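# Tertiary structure, described
Residue strings, one per chain:
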Amino acid sequence: MRYDLDRELALGWLRAAAAAVERRHEELTALDAAIGDGDHGSNLRRGFAAVIAALDALPADASPGTVLSKAGSTLISKVGGASGPLYGSALRGVGAALPAPSADLTELAQALRAGLGAVQKLGGAVVGDKTMVDAFEPAVAALERAAFDGFTLREASALAAEAAEAGARATIPLQARKGRASYLGPRSIGHQDPGATSTALLFRALADAVVS
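Residues numbered from 1 in each chain as written. Predicted model: local features only at pLDDT ≥ 70, side-chain atom pairs only at ≥ 80, totals over all residues. Heavy atoms only, no water.

Attention now goes to helix H8 (residues 194-211). Along its 18 residues, H8 runs 26 Å from first to last C-alpha, staying within 8% of the 26 Å computed at 1.5 Å per residue. Regarding H8, its N-cap is Asp 193, as a side-chain oxygen of that residue lies 3.1 Å from the backbone nitrogen of Gly 195 further along. (Helix = DSSP H or I, 4+ residues; strand = E, 2+ residues; numbered from the N terminus. Expected span 1.5 Å × (residues − 1). Polar contact = N/O pair within 3.5 Å; in protein donor to acceptor, adjacent residues only side chain to side chain.)

Right, dumping it as structure tokens:
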């Protein structure tokens, strides 16, 4: 059983995320076509393919923070629209907060909180705005509670994934207040936010990587 985030788990997490995006990129694009530019799935698919190629070139002693920072920088350089800067900033924020060879659950939660902060600084969104923050914030909060309660990484990551998925579903009745979807006004109501959905994929990928 894994107790800490190390290089191997960081790589496994990103590979699981890339696989999830590959499986569900058409779904993400369809969600985005309803309230956005219709390119979310294709952009993330291209971006994570570039991430995997970049990670394969990292040295064997790269820290988990270096792994995540490299992934973030790659997304920023390879993905257009809002997805690249937002996800890239999130991963770089997480990576910058993880300088050691491994991180325990409390340190991982703190790092993900930093990543969320980077997203919010860039996009200005809060919970309820119908963005990726609606999935990211509850997932981080679940990790923080789990760490405080002494849960294992396996238990905590599963709770975070469930919280992210619930947060994504909760965007359906919301009216968008940020991003391209906000231009639609009330017409954005009734659609699940694509960014929240892909964020939930990333947290589910972490949970899957922990148990693999």
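On to the side chain of His 40, then. The residue His 40 is located in helix H2 (residues 40-56) in this model. For His 40, the side chain forms a polar contact with the main-chain oxygen of Pro 194, separated by 3.5 Å. At 2.8 Å, the side chain of His 40 forms a polar contact with the side chain of Ser 198. Excluding anything up to four places from it in sequence, His 40 contacts Leu 28, Thr 29, Asp 32, Ser 83, Tyr 87, Pro 194, Gly 195 and Ser 198. (Contact = heavy atoms within 4.5 Å.)

For the rest of this paragraph, the subject is the layout of surface pockets. Space inside the largest pocket adds up to approximately 600 Å³. Contributing to the lining of the largest pocket are 27 residues, with Ala 82, Ser 83, Leu 86, Gly 179 and Arg 180 lying nearest its centre. Those elements that provide at least two residues to the lining of the largest pocket are helix H1 (7-35), H2, helix H4 (83-96), helix H5 (105-123) and H8. Residue classes in the lining of the largest pocket are distributed as 11 nonpolar, 9 polar and 7 charged. (1 Å grid on protein atoms, 1.4 Å probe; cavity = no way out; pocket = protein on both sides within 12 Å on 5 of 7 lines; lining within 4 Å. Points joined across faces, edges and corners; volume = space filled by probe spheres on them. Nonpolar A, V, L, I, M, F, W, Y, C, P; charged D, E, K, R; others polar.)

Below, the discussion takes up the packing of aromatic side chains. Enumeration according to the criterion identifies 1 aromatic pair in this entry. Aromatic side chains Phe 136 and Phe 203 sit 5.5 Å apart centroid to centroid with 75 degrees between the ring planes, which places their arrangement in the edge-to-face category. A residue pair is termed long-range when its members are at least 10 positions apart, and Phe 136 in helix H6 (residues 133-148) and Phe 203 in helix H8 qualify at 67 residues. By relative accessible area, which is 5% here, Phe 136 ends up buried. We classify Phe 203 as buried; its relative accessible area is 4%. (Phe/Tyr/Trp six-rings, centres within 6.5 Å; stacked < 30°, edge-to-face > 60°. Buried < 20%, exposed > 50% of the residue type's maximum accessible area, 1.4 Å probe, protein only.)

Moving on to empty space enclosed by the protein. Gaps left between atoms show up when a probe the size of a water molecule is rolled over them. Taken as a whole and assessed by the stated rule, the structure comprises 1 cavity of 30 Å³ or more. Taken as a whole, the largest cavity spans an internal volume of roughly 100 Å³. Among the secondary structure elements, those contributing two or more residues to the lining of the largest cavity are H4 and H8. Taken together, the residues of the lining of the largest cavity sort by class into 10 nonpolar, 1 polar and no charged.

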